[in-house]
Amino acid sequence: MKQILLATKNKGKAKEFKEIFGQIGIEVLSLLDMEETIPEIEETGTTFEENAVIKAETIAERFQIPVLGDDSGLEVDALNGEPGVYSARYAGLEKNDQKNLEKVLEELKGVKTDNRTARFVCVLALARPGSQTITKRGTCEGCIGEEPIGEHGFGYDPIFYPEGSHRSLAQYSPEEKNQISHRRHAIDQMISWLKQNDAME
Ligand SMILES: O=c1[nH]c(=O)c2ncn([C@@H]3O[C@H](COP(=O)(O)OP(=O)(O)OP(=O)(O)O)[C@@H](O)[C@H]3O)c2[nH]1
Ligand SMILES: [Mg+2]
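Residues numbered from 1 in each chain as written. Chains lettered and ligands numbered in written order. Predicted model: local features only at pLDDT ≥ 70, side-chain atom pairs only at ≥ 80, totals over all residues. Heavy atoms only, no water.

## Section: helix α3 (residues 97–107)
Next, step 1: Every buried residue of α3 is listed here: Asn-100, Leu-101, Val-104 and Leu-105. All buried residues of α3 fall inside an arc of 135° around its axis, so they share one side.
Next, step 2: In this structure, the buried residues of α3 make contact with β3 (67–76) and β5 (134–144).
Next, step 3: Looking at where α3 begins, the residue whose side-chain oxygen comes 2.9 Å from the main-chain nitrogen of Gln-98 is Asn-96. (Buried < 20%, exposed > 50% of the residue type's maximum accessible area, 1.4 Å probe, protein only. Helix = DSSP H or I, 4+ residues; strand = E, 2+ residues; numbered from the N terminus. Arc of directions from axis to C-beta. Contact = heavy atoms within 4.5 Å. Polar contact = N/O pair within 3.5 Å; in protein donor to acceptor, adjacent residues only side chain to side chain.)

## Remarks on the pattern of salt bridges
Side chains that carry opposite charge are capable of pairing whenever their charged atoms lie near each other.
Next, step 1: Overall, the coordinates contain 22 salt bridges when judged by the stated rule.
Next, step 2: Between Lys-15 and Glu-19 there is a salt bridge, and its shortest N-O distance comes to 2.9 Å. Here Lys-15 pairs with Glu-19, and both are found in helix α1 (residues 11–22), just 4 residues apart, close to one helical turn.
Next, step 3: Notably, a salt bridge pairs Lys-55 with Asp-71, separated by 2.8 Å at the nearest N-O pair. Highlighted residues: Lys-55 in helix α2 (residues 48–63) and Asp-71 in strand β3, separated in sequence by 16 residues.
Next, step 4: Sharing partners across several salt bridges, the network here consists of Lys-13, Glu-16, Asp-70, Asp-157, Lys-177 and Arg-183. (Salt bridge = Lys/Arg side-chain N within 4 Å of Asp/Glu carboxyl O.)

## Structural notes on unusual backbone geometry
Next, step 1: The step from Glu-82 to Pro-83 runs through a cis peptide bond, and the omega angle for that step is -5°.
Next, step 2: Checked against the element boundaries, Pro-83 lands in the loop between β3 and α3.
Next, step 3: Here the phi dihedral of Asn-80 falls at roughly 55°; this positive angle occurs in a residue that is not glycine.
Next, step 4: Judged by its relative accessible area of 76%, Asn-80 falls in the exposed class.
Next, step 5: Positive phi outside glycine occurs at Lys-95, with the angle close to 55°.
Next, step 6: By the secondary structure assignment, Lys-95 is in the loop between β3 and α3.

## Some words on the site of ligand 1
Next, step 1: In the vicinity of ligand 1 there are 21 residues, among which Thr-8, Lys-13, Phe-154, Tyr-156 and Asp-157 approach most closely.
Next, step 2: Lys-13 has a polar side-chain atom sitting 2.7 Å from an oxygen atom of ligand 1.
Next, step 3: With respect to ligand 1, the side chain of Lys-177 contributes an N or O atom lying 2.8 Å from an oxygen atom.
Next, step 4: Surface burial for ligand 1 is 96%, taken as the share of its 620 Å² of free accessible area covered by protein chains.
Next, step 5: Given that more than half its atoms are within 2 Å of the pocket grid, ligand 1 belongs to the largest pocket. (Near = heavy atom within 4 Å. Areas by Shrake-Rupley, 256 points an atom, 1.4 Å probe, with all protein chains shown as cover. 1 Å grid on protein atoms, 1.4 Å probe; cavity = no way out; pocket = protein on both sides within 12 Å on 5 of 7 lines; lining within 4 Å. Sits in = over half its atoms within 2 Å of the grid points.)

Listed below in C-alpha cells is the structure:
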C-alpha cells in the first residue's frame, strides 16, 4: 500500500494523517484533495464505530478503492460523555471549533479540577471493496482546563490537557501531538492489524 484515501473533509485530521503515514512512506489523500465535490456524508450513527464505518464504506463504494474513515471526538466525564459523537456539531451545525470549546467550558463552569477528566477518542474504519470492514479505536486521557491556550492542533486541543501535562494539546508541536494522540494510537493499531494480516502491500 503506497497510497490511501481518507474519507474526511476536516483539514486538521487530514494534516495529522499525512504526517503520521508519511513517516512510513504511505501517501494520504483526503476528500479535500479530490477534484470532484463529494456530498456531505450524513453521520447517522450513535457510536464512533458506526459513523467511521458509514464514512469509509460510502467513499469506498463510490471509488472502488480502500478507504479509511475517522470518527472522533471528546468525551467529558462530568457531562456524561458529551460532546462524544456530536463533537463537531456540539454548538450547532456550522461546526465552529471556537464555539464548541466555549460551550464545553460553559457547561463545566464551577466543576473542580479533579472532576474535569476527559478523553479524546478516535475510531478508524478501513473499508476495502469485497472485504469485511474493520475498526480500530485509540484514546488519549486527560482533563479540561479553565480557558483556551495554544496555537497548534484543532478542535478542542486548546482546552485539553493530556494526563500529567501542564500544557494544553494546542501547546504541543504537531510532532509531539502525533506521538501521543488518540489518532496516533488508532493508526498504530490499524497498521499492526494490516501487518499481521499481510494486507500492507
Ligand atoms: O481538539 C481536538 N483534537 C483532535 O485531535 C480531535 N479529533 C477530533 N476532534 C473533535 O471531534 C470532531 C470530529 O468530528 P467528526 O469525526 O465527525 O469529524 P468532522 O465532521 O470534523 O470531519 P469528517 O471526518 O466527518 O469529514 C472534530 O471536529 C473536533 O471537534 C478533535 N478535537
Ligand atoms: Mg463529521
